[in-house]
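Survey of secondary and tertiary structure
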Amino acid sequence: MESLNEDEIARLLWVDNEDEHGERHDANIIPQVMEEELEESDVQPADAVAIRMDEEIELGPLVLGKNNTTAWSVVAPTKRGKYGIKFVMMNDAKTYYMCDAIPYVGEVTDKLPNELVPEYYVRKLSESISGTKRNITCDNWFTTVPLVDRMLERELTMIGTLRKNKPQIPPCLFQERAVNSCVFVFDANKTLVSFSPKRKKNVVLVSSMHHDDTIDEETGKPEIIIVYNKNKGGTDSFDKLCATFSTSRKNLRWPMQVVYGMLDQGGVNAYVLFVLANPQWKEKKQHNRRFFLKDLSSALTREHMIARSQQGNIPRQLKLQIKAILSYNEEREDQEAEEDQEEQPDNKQKRCYMCDRKKDRKSKSRCNGCKKPVCKDHSVDLCKNCSD
């Protein structure tokens with residue numbers, strides 16, 4: 001049977017109805033596509049996943065599908081995708097787990113009075129963590145002083161950079177100062193800090209998490225900036241993980257790009273959950289996420305391949321190929337299981353088998369020959385029994 005290349009496979013994949021192509025220019029179609037795909041795959045929402053997120057949460061944009069053009073595509077030169085459909089994401093700052101995401105479609109209709117578009121996305125994404133007393137880190141596109149106050153009402157703290165056009169910033173924070181100098185402004189529940197990293201440049205941050213003028217002794221920077229720099233890369237790191245082992249293929253249809261993005265994001269999230277549940281899994285191997293994605297793809301397609309091979313109306317050559325793939329996967333799993341068992345050393349302290357039991361002398365050392373626990377008095381390179 002002639003094999004199909006990836007371009008031919010992508011051409012045959014469809015996730016939408018051809019009769020509704022004209023309606024796809026409506027911006028509301030993206031959330032509908034995501035919700036339909038999630039319902040069909042029985043995926044639970046982010047706030048129902050059995051994972052304890054870290055205390056630090058980061059908000060940021062992710063761009064998908066630079067090969068297609070839609071009415072709501074955006075240009076993002078600093079992001080990996082550069083141009084395409086933008087998603088605003090909430091990620092765990094430590095594990096990069098994607099907690100929630102909303103497609104950016106420009107102006108929205110269900111905003112609160114006098115609410116800016118970036119504030120709308122922060123409010124919607126933070127609903128699932130409201131009342132958890134976590135900290136949100138975001139850049140100057142999201143951050144405003146009124147937004148920080150609203151997050152405090154939800155028992156959430158916030159750290160972010162501020163643009164110079166915000167009316168709540170005192171003029172003294174933009175005055176020219178010495179390099180590496182800083183000025184603090186305190187409110188009842190917020191702290192503003194202006195740091196001068198170089199001549200004629202001031203960076204202003206706001207924090208509802210800090211209430212003092214603590215400065216790091218090693219770097220000379222305020223602690224607010226240290227915390228911000230530590231947690232600000234969650235979404236970009238998640239985007240990089242998605243791009244490292246991606247299912248995406250060149251395709252001009254934006255629904256397919258959204259589905260490819262969902263598969264990549266689901267693979268990263270599944271890997272984070274799996275490693276948290278199995279911290280010892282292939283910890284000594286490089287690129288262990290590649291092994292995880294191989295095992296995941298094999299597990300997801302195994303039942304379908306078995307059912308396919310049992311059909312009577314498929315070519316004999318195809319049946320042989322399926323059986324060869326299944327047998328190869330089984331052999332690889334057995335081989336990897338044996339390697340994992342060999343790589344896991346027994347580091348527990350055990351009683352030396354040559355010493356008197358009354359001494360109760362324990363050791364982590366093992367004989368290279370019989371693998372039994374031996375103390376220093378009864379071992380060289382081999383235990384005395386093996387050396388004889």
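This text goes with the structure placed above it.
So, here's what we can say about the structure.

Cut-off values and rules
Residues numbered from 1 in each chain as written. Predicted model: local features only at pLDDT ≥ 70, side-chain atom pairs only at ≥ 80, totals over all residues. Heavy atoms only, no water. Buried < 20%, exposed > 50% of the residue type's maximum accessible area, 1.4 Å probe, protein only. Helix = DSSP H or I, 4+ residues; strand = E, 2+ residues; numbered from the N terminus. Arc of directions from axis to C-beta. Contact = heavy atoms within 4.5 Å. Phe/Tyr/Trp six-rings, centres within 6.5 Å; stacked < 30°, edge-to-face > 60°. Lys NZ or Arg CZ within 6 Å of the ring centre and 35° of its normal. Axes fitted to C-alpha atoms, helices over the stretch in contact; angles between N-to-C directions. Parallel < 35°, antiparallel > 145°, perpendicular 65-115°, else oblique. Nonpolar A, V, L, I, M, F, W, Y, C, P; charged D, E, K, R; others polar.

Moving on: helix H6 (residues 234–244). Among the residues of H6, those classed as buried are Gly234, Thr235, Phe238, Asp239 and Cys242. Summarising the axial view, the buried residues of H6 lie within an arc of 135°, below the 170-degree limit, and thus occupy one face. Tucked into the core, H6 has its buried residues touching strand S1 (56–64), strand S3 (82–92), strand S4 (98–103), helix H5 (223–231) and helix H7 (254–277).

Attention shifts here to the packing of aromatic side chains. Counted according to the given criterion, the structure contains seven aromatic pairs. Seen in terms of ring centroids, Tyr120 and Tyr121 are 5.2 Å apart; in terms of plane orientation they differ by 75°. Their pairing is edge-to-face. This pair shows no difference in class: Tyr120 is buried, exactly as Tyr121 is. Ring centres 4.9 Å apart and planes at 90° place the aromatic pair Trp141 and Phe142 in the edge-to-face group. Residue classification places Trp141 among the partly exposed residues on the basis of a relative accessible area of 23%. In textbook terms, an aromatic cluster arises when at least three aromatic residues are bridged by ring pairs, as seen for Tyr104, Tyr120, Tyr121, Trp141 and Phe142. The ring of Tyr104 carries Lys86 above its face, with NZ or CZ at 4.7 Å from the centroid. The lysine or arginine in question, Lys86, covers the ring of Trp141, its NZ or CZ lying 4.2 Å from the ring centre.

Interaxial distance between H7 and helix H8 (residues 288–309) falls to 10 Å at its minimum, and their mutual angle equals 105°. One finds that H7 runs roughly perpendicular with respect to H8. Only Asn288, Arg289, Phe292 and Leu293 of H8 make contact with H7, whose side of the interface consists of Gly267, Val268, Ala270, Tyr271 and Phe274. Taken together, the residues that form the contact of H7 with H8 break down as six nonpolar, two polar and one charged.

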